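Survey of secondary and tertiary structure
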Amino acid sequence: AGIVNAQKAVERAASFYGGEEEVTLPYNDIKKNDWFYDAAVYMYKNKIMTGLEPTVFGASEKVSRAQFATILYRASGENKTPFAARFPDVKDGQFYSESVTWAADRGIITGYENGTFGPGDLITREQMAVLMYRYAKYCGLDTKDSADLNSFPDAGKVSGFSQEAMRWAVGAGLIQGDQGTLNPQGNASRAHCATIITRFMQKYGL
């Protein structure tokens, strides 16, 4: 099923980098020389991330766990997942209700040890790596890439639950460091999120 869904994503999300016509972003807070510009274009063109407002992208704003689940759900190309109560703190009728159900049903999201999901909690860089790693496995993609994290000065700060995923994310080129560090517990910004999703889609030809 994952491979089929990945193929759907291929059909739906033609890459901006394939020589197609230039896309004009509606956001007045993004410039072409911004490091995340191409990723923002990819997100906008493929309707994976929307702006905070019609003309505001909000690159520096942090991303919640609910928002990231929603972004990943859009990137998958799947839709119309009926809500099911998987976590006590995720209710029906929220913008993320179906997204969290989709991710939980596919083993992409497992929640905290106490059984909650924490939709409003800001997602960390290592949590994002874990979700991307699980999503790649769900899609049946090759996840053999692995890097030695010891080249980063804060490698020892990577949590045990995210070690394998972080090694994959660095080895696959999705995470390239934050000013020379992994910053695993740092909160991911919208610019970082857009960039990592775009790198993922490019690497695997989605």
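Because the structure is a prediction, the values reported are computed rather than measured.

1. Thoughts on the overall build of the protein
Each helix and strand counted, the protein has 7 helices and 0 strands in total. What you see in the protein, going N to C, is helices and strands ordered as α-α-α-α-α-α-α. Accessible surface, the protein: about 9900 Å² in total, of which carbon and sulfur atoms supply 48%.

2. A look at the side chain of S189
Tracing the chain through its elements places S189 in the loop between α6 (163–171) and α7 (190–203). Side-chain polar atoms of S189 contact the side chain of H192, separated by 2.9 Å. Discounting chain neighbours no more than four positions away, the residues touching S189 are A59, S60, E61, K62 and V63.

3. Side note on the packing of helix α3 (residues 65–76) against helix α5 (residues 125–138)
Axis separation between α3 and α5 bottoms out at 12 Å; the angle between their running directions is 25°. Classed by the angle they form, the pair α3 and α5 counts as roughly parallel. Crossing hand, α3 versus α5: right-handed. Counting all contacts with α3, which are made through R65, F68, L72, A75 and S76, the residues of α5 involved are Q127, M128, L131, M132 and Y135.

4. Re the nonpolar core
Residues F57, F68, M132, W168, I197 and F200 are the most contacted members of the largest nonpolar core, which totals 69 residues. Every element with two or more residues in this core is listed here: α2 (37–45), α3, α4 (97–105), α5, α6 and α7. Leave out the neighbours within four places in its chain, and F57 touches Y27, D29, I30, F36, A40, M49, G51, L52, R190, A191 and A194.

5. Here we look at the environment of R167
Mapping R167 onto the fold places it in helix α6. The class of R167 is partly exposed, set by a relative accessible area of 30%. Taking the C-alpha atoms as reference, R167 lies 6.4 Å from L149; in sequence the two are 18 residues apart.

6. Notes on the packing of aromatic side chains
Here the structure, examined in full by the defined rule, presents 13 aromatic pairs. Between Y27 and F57 the ring centres are 5.4 Å apart and the planes differ by 50°, which places this aromatic pair in the tilted class. Placement of the pair is Y27 in the loop between α1 (2–12) and α2 and F57 in the loop between α2 and α3, with a sequence separation of 30 residues. Taking relative accessible area as the criterion, Y27 reaches 7% and is therefore assigned buried.

7. Some remarks on the packing of α5 against α7
Close contact between α5 and α7 brings their axes to 12 Å; oriented N to C, the two are set at 25°. With respect to α7, the axis of α5 lies roughly parallel. Pair α5 / α7 crosses with right-handed handedness. Listed contacts from α7 to R125, M128, M132, Y135 and A136 of α5 are H192, C193, I196, I197 and F200.

8. Here we look at the environment of P54
Secondary-structure assignment places P54 in the loop between α2 and α3. Expressed as a C-alpha distance, the spacing of P54 and Y27, which sit 27 residues apart in the sequence, is 7.1 Å.

9. Observations regarding the confidence of the model for the protein
When pLDDT is averaged across the protein, the result is 90; 90% of the residues are at 70 or more. Segment residues 8–19: pLDDT under 50, and 28 contacts once partners within four positions in sequence are set aside and those in other chains are kept.

10. Notes on unusual backbone geometry
Phi is mostly negative for residues that are not glycine, and the peptide bonds are mostly trans. For K47, which is not a glycine, the phi torsion comes out positive at approximately 55°. Mapped onto the elements of the fold, K47 is located in the loop between α2 and α3. On the basis of relative accessible area, K47 is assigned to the exposed category, the value being 64%. The backbone of N183 sits at a positive phi, close to 50°, despite the residue not being glycine. Considering the arrangement of structural elements, one finds N183 in the loop between α6 and α7.

Cut-offs used in this document
- Residues numbered from 1 in each chain as written.
- Predicted model: local features only at pLDDT ≥ 70, side-chain atom pairs only at ≥ 80, totals over all residues.
- Heavy atoms only, no water.
- Helix = DSSP H or I, 4+ residues; strand = E, 2+ residues; numbered from the N terminus.
- Areas by Shrake-Rupley, 256 points an atom, 1.4 Å probe, with all protein chains shown as cover.
- Polar contact = N/O pair within 3.5 Å; in protein donor to acceptor, adjacent residues only side chain to side chain.
- Contact = heavy atoms within 4.5 Å.
- Axes fitted to C-alpha atoms, helices over the stretch in contact; angles between N-to-C directions.
- Parallel < 35°, antiparallel > 145°, perpendicular 65-115°, else oblique.
- Left-handed = near helix turned anticlockwise from the far one by under 90°.
- Core = buried A, V, L, I, M, F, W, Y, C linked by side-chain atoms within 4.5 Å.
- Buried < 20%, exposed > 50% of the residue type's maximum accessible area, 1.4 Å probe, protein only.
- Phe/Tyr/Trp six-rings, centres within 6.5 Å; stacked < 30°, edge-to-face > 60°.
- pLDDT = per-residue confidence, 0-100.

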